[in-house]
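Read off the chains here:
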Amino acid sequence: ETGCEWPPLPPQLERRSRAAFASAQVHPSRMQRHVCYALGSLGLPSQEEVRIPEGYSIDVATEWGGVRVGIEVDGPSHFRTDRRPTGSTVLKRRQLRHFGWTLLSVPYWEWEALRDEDRFIQRQMQCAYLAEALDEATGTRTTASGDGWVAIDCTSLLDEATAELEDLPSFQGVAPSGTATARLQAPEPHP
């Protein structure tokens, strides 16, 4: 708690604890990749799994309106059944803010609500969602919000589709024209 003095850990235990905390393996989720694709469509460079000096890993880091923003893409494990964040999620957010990060949480149920059969409409909704959420998190008002229009670079849709195709054993790559190809085979009939 603020203002309380905690007894220090023995130096060797402190070093081992910090090393264990900072070396924890992280694996970006599919939802996290989709958030990054949408940030790319907004023209925002982003970095995934940014390890900060204090040991935490931030899912996605970007800049919005001159403000450094950490985006936490929060799946179901970050929430209790009543959709309130778990204690460890609250603690991480509190500490990241203390370390100077502006945070944006993207809860899984809000992101999933942006699904649409038309990928371009879906990307437009995702971009509008992120632009509005980033404006709110940073206290800024950008030109990307307020008028119902969002500029979208659709090349990230190709990147996303390519990433999904790469999981297929028959993936053949992306042609210079930007066309991704894979040979799809009909499933074997069951006897």
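Up top is the structure.
Since this is a predicted model, take the numbers as computed values, not measurements. (Residues numbered from 1 in each chain as written. Predicted model: local features only at pLDDT ≥ 70, side-chain atom pairs only at ≥ 80, totals over all residues. Heavy atoms only, no water.)

### Description of the sheet that holds strand 2 (residues 57-64)
One open sheet accounts for four strands, arranged 1-2-3-4; its pairing is mixed. The outermost strands of the open sheet, each flanked by one partner alone, are strand 1 (47-51) and strand 4 (102-107). Each neighbouring strand pair of the sheet contributes to a mean axis angle of 45°, computed without reference to strand direction. Examined bridge by bridge, strand 2 and strand 3 (residues 67-74) share five bridges and lie antiparallel to one another. In the sheet register, Ala-61 faces strand 3, and the bridge partner there is Gly-70. Strands in contact with helix 5 (residues 119-138) are strand 2, strand 3 and strand 4; relative to strand 4, the strand with the most contacts, it is inclined by about 145°. (Pairing = 2+ DSSP bridges. Helix = DSSP H or I, 4+ residues; strand = E, 2+ residues; numbered from the N terminus. Axes fitted to C-alpha atoms, helices over the stretch in contact; angles between N-to-C directions. Contact = heavy atoms within 4.5 Å.)

### Observations concerning the side chain of Thr-89
Tracing the chain through its elements places Thr-89 in helix 3 (residues 87-98). Here His-78 takes part through its side chain, which lies 3.1 Å from a polar atom of the side chain of Thr-89. Not counting residues up to four positions away in its chain, the partners in contact with Thr-89 are Asp-74 and His-78. (Polar contact = N/O pair within 3.5 Å; in protein donor to acceptor, adjacent residues only side chain to side chain.)

### Focus: empty space enclosed by the protein
Counting across every chain of the model gives one cavity of 30 Å³ or more. The wall of the largest cavity is formed by Glu-72, Asp-74, His-78, Thr-89, Lys-92, Arg-93 and Leu-96. Here the lining of the largest cavity is composed, by residue class, of one nonpolar, two polar and four charged. (1 Å grid on protein atoms, 1.4 Å probe; cavity = no way out; pocket = protein on both sides within 12 Å on 5 of 7 lines; lining within 4 Å. Points joined across faces, edges and corners; volume = space filled by probe spheres on them. Nonpolar A, V, L, I, M, F, W, Y, C, P; charged D, E, K, R; others polar.)

### Some details on unusual backbone geometry
Although it is not a glycine, Glu-49 adopts a positive phi angle of roughly 50°. Positionally, Glu-49 belongs in strand 1. Positive phi, close to 70°, is recorded for Arg-83, a residue that is not glycine. Overall, the relative accessible area of 44% leaves Arg-83 in the partly exposed class. (Buried < 20%, exposed > 50% of the residue type's maximum accessible area, 1.4 Å probe, protein only.)

### Some details on the pattern of salt bridges
Within the structure shown, the criterion is met by four salt bridges. Between Lys-92 and Glu-72 there is a salt bridge, and its shortest N-O distance comes to 2.9 Å. With Lys-92 in helix 3 and Glu-72 in strand 3, this pair connects stretches of sequence that are 20 residues apart. In terms of burial, Lys-92 and Glu-72 fall into one category: buried. Between Arg-80 and Asp-82 there is a salt bridge; the shortest N-O distance is 2.8 Å. Judged by its relative accessible area of 41%, Arg-80 falls in the partly exposed class. Residue classification places Asp-82 among the partly exposed residues on the basis of a relative accessible area of 40%. Connected via shared salt-bridge partners are Arg-80, Asp-82 and Arg-84. (Salt bridge = Lys/Arg side-chain N within 4 Å of Asp/Glu carboxyl O.)

These figures come from the coordinates and say nothing about function on their own.
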